[in-house]
Amino acid sequence: MRGDLLTNLYVFMLAAFIGFEVIRRVSPLLHTPLMSLTNALDAIAVIGAIILAGEHKSTMATVFGTVAIVAATSNVVGGFMITDRMLKMFKASAPKKP
């Protein structure tokens, strides 16, 4: 079991590092479509967390599922707020009246 934990931790750290490096190099023009994609992926994570928490296989699984629901939902909501704010930046401003 200890080997599985270390392997999972290694994969998590590697994925986090690669994800950070990929996101850091995205041009600002591609940021809005990328945020929309990550919102869709987080929505899938919310569904998986709901399934995990709803199965009641163990108390730990229910607690982790609930924490995952809260974390992924806050990420989805924050992502939509950021995407909406960025899209408002690209809208043409109304002409000023004299």
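The structure presented is a predicted model; accordingly, all values stated were derived computationally and were not measured. (Residues numbered from 1 in each chain as written. Predicted model: local features only at pLDDT ≥ 70, side-chain atom pairs only at ≥ 80, totals over all residues. Heavy atoms only, no water.)

Topic: the overall build of the protein
Regarding its fold elements, the protein presents three helices and zero strands. Counting across all 98 residues of the protein, residues that qualify as buried make up 16%. Within the protein, contacts between residues at least 6 apart in sequence are counted, and of these 61% link residues at least 24 apart. Split by element, the accessible area of the protein, about 8200 Å² in all, is 74% carbon and sulfur. (Helix = DSSP H or I, 4+ residues; strand = E, 2+ residues; numbered from the N terminus. Buried < 20%, exposed > 50% of the residue type's maximum accessible area, 1.4 Å probe, protein only. Contact = heavy atoms within 4.5 Å. Areas by Shrake-Rupley, 256 points an atom, 1.4 Å probe, with all protein chains shown as cover.)

Details of a nonpolar patch on the surface
Taken together, Tyr10, Val11, Leu14, Phe17, Ile18 and Val22 make up a surface patch of nonpolar side chains, about 610 Å² in accessible area. Residue placement: Phe17 occurs in helix α1 (residues 2-24). With relative accessibility at 52%, the residue Phe17 sits in the exposed group. (Patch = residues over 30% accessible without salt bridge, like charges linked within 9 Å, V, L, I, M, F, W, Y side chains within 5 Å. Salt bridge = Lys/Arg side-chain N within 4 Å of Asp/Glu carboxyl O.)

Thoughts on unusual backbone geometry
A negative phi holds for most residues other than glycine; trans holds for most peptide bonds. Although it is not a glycine, His56 sits at a positive phi angle of roughly 55°. Among the secondary structure elements, His56 is positioned in the loop between α2 (28-55) and α3 (59-90).

Looking at the confidence of the model for the protein
Here the protein averages 80 in pLDDT, while 87% of its residues score no lower than 70. Per-element confidence in the protein is highest for α3, whose mean pLDDT is 84, and lowest for α2, whose mean pLDDT is 78. (pLDDT = per-residue confidence, 0-100.)

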